[in-house]
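Descriptive structure summary
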Amino acid sequence: MNSTLESNQTSRPFCLLAINYLETINFCLLEVMIIIFLTVLIISGNIIVIFVFHCAPLLNHHTTSYFIQTMAYADLLVGVSCLVPSLSLLHYPLPLEESLTCQIFGYVVSVLKSVSMTSLACISIDRYIAITKPLTYNTLVTPWRLRICILVIWLYSTLVFLPSFFYWGKPGYHGDVYQWCAESWSTDPYFTFFIVMMLYAPAAFIVCFTYFNIFRICQQHTKEISERRARFSSQSGEAGEVQSSPDKRYAMVLFRITSVFYILWLPYIIYFLLESSAGFSNRTASFLTTWLAISNSFCNCVIYSLSNSVFQKGLKRLSGAVCTSCIKPTTAKDPCPSKSKGPPNGCHV
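Residues numbered from 1 in each chain as written. Predicted model: local features only at pLDDT ≥ 70, side-chain atom pairs only at ≥ 80, totals over all residues. Heavy atoms only, no water.

Together, Trp144, Ile148, Val152, Tyr156, Phe193, Met197 and Met198 line one region of the surface with nonpolar side chains, adding up to about 700 Å² of accessible area. Among the elements that line the nonpolar patch, the one with the most residues is helix H7 (residues 143-160), at four residues. When you line up the elements, Val152 lands in helix H7. (Patch = residues over 30% accessible without salt bridge, like charges linked within 9 Å, V, L, I, M, F, W, Y side chains within 5 Å. Areas by Shrake-Rupley, 256 points an atom, 1.4 Å probe, with all protein chains shown as cover. Salt bridge = Lys/Arg side-chain N within 4 Å of Asp/Glu carboxyl O. Helix = DSSP H or I, 4+ residues; strand = E, 2+ residues; numbered from the N terminus.)

This is the structure we're talking about:
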């Protein structure tokens with residue numbers, strides 16, 4: 001009797017959420033639905049962002065496009081790596097043992113999200129230099145310096161979380177869909193403090209400092225322009241309306257992306273600190289905060305598509321080109337009539 005009970009317990013899948021799974025399919029249905037849903041959204045959304053950036057040259061006008069594309073590639077890799085726990089929950093055999101698989105998965109996702117966090121900090125520095133030093137900006141921020149900066153971002157992110165392989169502790173909860181990660185791999189307060197001081201705290205401080213000064217300077221410029229226009233309009237008898245500068249509008253788009261990033265990551269960071277310092281542990285909170293943070297990899301696509309008019313035009317051109325290629329076999333033989341003025345591939349904006 002005891003042997004049958006033990007075999008039933010071992011046959012039951014490990015589910016982080018405290019919700020019964022379906023006996024007929026024998027896997028954690030809710031976890032699988034959430035992870036697969038986010039995986040599809042993240043992969044498809046970031047592929048679209050990458051294609052639009054390659055098809056819309058005006059998006060590459062800003063140097064921040066280097067960092068935006070870096071984030072898109074990192075988020076795309078996050079979506080691809082999320083296929084690993086999805087296959088595991090669906091009982092597909094993995095090439096490595098569970099302990100090593102969850103360590104590698106947790107490390108990879110931590111590195112990729114560190115790349116996104118560091119890129120957001122670099123974007124805020126770039127915008128701060130553009131507004132505070134507009135005359136020397138082009139000499140300070142050059143394409144080869146940006147490429148070096150992106151290379152440093154990737155190297156730094158890989159090194160920060162590398163001690164997790166040398167028994168320093170768990171770098172995050174991304175691998176907790178595996179039973180070994182959730183039960184046998186614990187966090188260490190010293191390693192958590194190391195991650196906070198090397199990554200979370202500096203990135204948050206840089207973002208707060210730069211955007212506070214960016215909006216303060218933009219507000220001063222707007223006030224000065226409105227006073228000048230009011231003075232000239234009183235002399236000429238014409239009323240003028242002050243519009244926000246392109247730098248301020250673009251800074252607002254980047255500020256929205258940064259704000260959403262930290263809002264979605266804040267519950268995860270709080271839970272990470274609580275378990276590391278106070279020993280608090282809750283499987284449901286671990287799963288929900290982790291995948292809420294990972295969902296940010298899709299939110300960047302939504303924010304950029306809703307806030308940037310050039311991106312919207314590029315997306316329309318890209319969708320038009322795709323639709324044209326789909327309809328082409330059923331239309332006339334000449335797909336490019338002489339009256340069309342745009343480029344044949346429909347990409348450029």
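Still more to cover.
Turning our attention to the environment of Ile217. Topologically, Ile217 is positioned in helix H9 (residues 189-236). Take Ile217: its relative accessible area is 11%, and that puts it in the buried class. As a C-alpha pair, Ile217 and Ile131 span 86 residues in sequence and 7.8 Å in three-dimensional space. Not counting residues within four places of it along the chain, the set of residues in contact with Ile217 comprises Ile131 and Thr132. (Buried < 20%, exposed > 50% of the residue type's maximum accessible area, 1.4 Å probe, protein only. Contact = heavy atoms within 4.5 Å.)

Now for the packing of aromatic side chains. Counting across every chain of the model gives 12 aromatic pairs. On the basis of an interplanar angle of 70° and a centroid distance of 5.7 Å, the ring pair of Trp168 and Phe194 is categorised as edge-to-face. Taken together, the residues Trp168 in the loop between H7 and helix H8 (179-183) and Phe194 in helix H9 connect sequence positions 26 residues apart. For Phe194, a relative accessible area of 25% translates into the label partly exposed. Judged by centre distance (6.2 Å) and plane angle (40°), the ring pair of Phe287 and Trp291 falls under tilted. Of the two residues, Phe287 and Trp291 both sit in helix H11 (residues 283-294), four residues apart, roughly one turn of that helix. Take Phe287 and Trp291: they sit in the same class, and that class is buried. Ring-pair connections join several aromatic residues into one group, and the members of that group are Phe261, Tyr262, Trp265, Tyr268 and Phe272. (Phe/Tyr/Trp six-rings, centres within 6.5 Å; stacked < 30°, edge-to-face > 60°.)

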